[in-house]
Structure formats: C-alpha cells, structure tokens
Amino acid sequence: QQPVQSPQAVILREGEDAVINCSSSKALYSVHWYRQKHGEAPVFLMILLKGGEQKGHDKISASFNEKKQQSSLYLTASQLSYSGTYFCGTEMKGYSGGGADGLTFGKGTHLIIQP
Amino acid sequence: GAVVSQHPSRVICKSGTSVKIECRSLDFQATTMFWYRQFPKQSLMLMATSNEGSKATYEQGVEKDKFLINHASLTLSTLTVTSAHPEDSSFYICSANQGDTQYFGPGTRLTVL
C-alpha cells in the first residue's frame, strides 16, 4: 500500500522551516527518506526503524511514531540546496517474513526554497 | 555511504529493439538488488526484486518476459527491456541494500523512438 505524503508542495523563503508527513494505514518495518533533484536519482537522507525514534543530522531530522504508522521529516532554517522532491519509502519486511524488501514510495512533496 | 553505479546513464533506441541496463554495487556485495521505474513527475515504482543465484520476483503488472532480469554476481544485476516501445520510455533506477539502508544508482533514462 502506497504511503500518503503531505503536503504535495511547499514554497518557503530561505531560513523558514518545513514539515513533511508520511502516513501508512498499517504498521511499518521502516521508513526511508530521500531527496530527489530534477533528472537525478534519489539521495538517501535517513532511515527510521524503531517506534518513537527521532534522529537527524545538521538541520534535517525525522521522527517515527510509536505505532510505526506515521513519520515526519523536519527541515529547519531551510537553505536553497534543500529544494527538490522529498519521498518517503516504506518497508513491510518482518511482517512478510522475507528478506530485504523493495520500497513503496509516497507520491512525493515538492519543496521550493526562494531566496 | 555505499556506491551503486548504473550504465548507461542515457539511451535512445528504436521501437522494437532491446536495451540492457547494468547495475553494480561498487564497494559492497548485494545478494538482492531492486529495479524501479519513474515516469515524469511521478513517484518511483518498484518493478522487481533481483536475487543473486535465483529468479527475480516481479511486482504485479510488470511483465517478466518483457523486463528480463539477471543477477549474475553479488555485485551485478542487469535489466533488459525487450522489444521496447515508446511507452517504455522512462527513468529506470536500481538500488541495493547495505544493511537496512537502500542506496540508489544514478539512474538510466530510456527514450524509445
């Protein structure tokens, strides 16, 4: 099942903050966050595996709720380089009993940072 | 992070021909690799799971006879688009897991005329 991402698009000025949400109707094994720039492949940002987990580096962080059905990506004091499309990819491994699974991606959130 | 490469980065072919795309894990071994497809302004869609030494697993709606996958070694998976048609034009991206993290290759843009 495809996770639901919101919002679809965000326009910010440099220095403003943004939150991108990713929701699933079922509990997940993991959530992966990627940023993709036009014409390029997705770049890995971070992975969350544990319910209640919060992690981050620099000004980009993410959380995974206790039920493992909702994750949020936080971008603080945004920079021009943050522009792109953000995707969450979800994995159900462990529930299907198999090995590594391919990711099911949300539709993406387009982030535009203006000077 | 781990490095995954793809070749070619861009290919243009005539309708009816076959195209082979290579995916390599450069600094780690990957028993499993994944192939995704992304149409313009859309999300990535998983096509198939490539397993070293066994048959690939295809997602529902993906024709296994059209998209041939061979996982020849622990560092190489190939995707062959057979008898390509204009509707197969897309951005094809592979990925490989190192631990729980999935790293993506740079992608191959296929244009079928």
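All values reported here derive from a predicted model rather than from experimental measurement.

Participant: Report on the overall build of chain B, specifying residues and quantitative values.
Facilitator: When its secondary structure is counted, chain B shows zero helices and eleven strands. Secondary structure elements of chain B occur, N-terminal to C-terminal, as β-β-β-β-β-β-β-β-β-β-β. Computed over C-alpha atoms, the radius of gyration of chain B comes to 13 Å, within 12% of the 13 Å expected from 2.2 N^0.38 for 113 residues, which places it in the range of a compact globule. Once the C-alpha set of chain B is aligned to its principal axes, its extents read approximately 40 × 25 × 20 Å. Across the 113 residues that make up chain B, the buried fraction comes to 52%. A separation of at least 24 residues holds for 53% of the contacts in chain B among residues at least 6 apart in sequence. Of the roughly 5500 Å² of accessible surface on chain B, a fraction of 50% belongs to carbon and sulfur atoms.

Participant: Can you break down unusual backbone geometry residue by residue, with the values?
Facilitator: Of note, the amide linkage connecting A:Ser6 to A:Pro7 takes the cis form, showing an omega dihedral of -5°. Assignment of secondary structure puts A:Pro7 in the loop between β1 (4-6) and β2 (9-13). Residue B:Pro8 is reached from B:His7 by a cis peptide bond, and omega for that bond is 0°. Counting through the fold element by element, B:Pro8 comes out in the loop between β1 (4-7) and β2 (10-13). The backbone of A:Ala77 sits at a positive phi, close to 45°, despite the residue not being glycine. Tracing the sequence through the fold places A:Ala77 in the loop between β8 (70-75) and β9 (84-91). Of note, B:Ser83 is a non-glycine position whose phi angle comes to about 45°, a positive value. Secondary-structure assignment places B:Ser83 in the loop between β8 (76-81) and β9 (90-98). The exposure class of B:Ser83 is partly exposed, given its relative accessible area of 34%.

Participant: How would you sum up the pairing of β1(B)? Please name residues and give values.
Facilitator: For a regular strand, side chains alternate in direction, first toward one face of the sheet and then toward the other. Residue and element names in this part refer to chain B. Burial along β1 is one-sided: Val4 and Gln6 are buried, and none of Ser5 and His7, which face the opposite way, are. Pairing between β1 and strand β3 (residues 19-25): four bridges, direction antiparallel. Counted as the bridge partner of Ser5 is Arg24 from β3.

Participant: How would you explain the layout of surface pockets if you had to name every residue and give the values?
Facilitator: Approximately 710 Å³ is the volume attributed to the largest pocket. Residue lining of the largest pocket: 30 residues in total, with A:His110, B:Gln38, B:Pro40, B:Lys41 and B:Gln42 positioned closest to the centre. Contributions of two or more residues to the lining of the largest pocket are made by β1, β9 and β11 (109-114) of chain A together with β9 and β11 (108-112) of chain B. Taken as a whole, the second largest pocket holds about 240 Å³ of empty space. Lining the second largest pocket are 13 residues, with A:Gly102, A:Leu103, A:Thr104, B:Leu46 and B:Glu59 sitting closest to its centre. Contributions of two or more residues to the lining of the second largest pocket are made by β10 (104-105) of chain A together with β5 (44-51) of chain B. When residues in the lining of the second largest pocket are grouped by element, the largest group, four residues, is from β5(B).

Participant: Describe the state of the cysteines, and please don't skip the residues or the numbers.
Facilitator: Applying the stated criterion across every chain, the model contains two disulfides over all chains. Two residues, A:Cys22 and A:Cys88, share a disulfide whose sulfurs are 2.0 Å apart. The sign of the S-S torsion, about 75°, decides the handedness of the disulfide formed by A:Cys22 and A:Cys88: right-handed. Of this pair, A:Cys22 sits in strand β3 (residues 18-23) while A:Cys88 sits in strand β9, and the two are 66 residues apart along the sequence. Both residues of the pair, A:Cys22 and A:Cys88, count as buried. Disulfide pairing is shown between B:Cys23 and B:Cys94; the S-S distance is 2.0 Å. Here the disulfide of B:Cys23 and B:Cys94 is right-handed, its torsion about the S-S bond being about 80°.

Reading the values: the criteria
Residues numbered from 1 in each chain as written. Chains lettered and ligands numbered in written order. Predicted model: local features only at pLDDT ≥ 70, side-chain atom pairs only at ≥ 80, totals over all residues. Heavy atoms only, no water. Helix = DSSP H or I, 4+ residues; strand = E, 2+ residues; numbered from the N terminus. Rg over C-alpha atoms; globule rule 2.2 N^0.38 Å. Buried < 20%, exposed > 50% of the residue type's maximum accessible area, 1.4 Å probe, protein only. Contact = heavy atoms within 4.5 Å. Areas by Shrake-Rupley, 256 points an atom, 1.4 Å probe, with all protein chains shown as cover. Pairing = 2+ DSSP bridges. 1 Å grid on protein atoms, 1.4 Å probe; cavity = no way out; pocket = protein on both sides within 12 Å on 5 of 7 lines; lining within 4 Å. Points joined across faces, edges and corners; volume = space filled by probe spheres on them. Disulfide = S-S within 2.5 Å.

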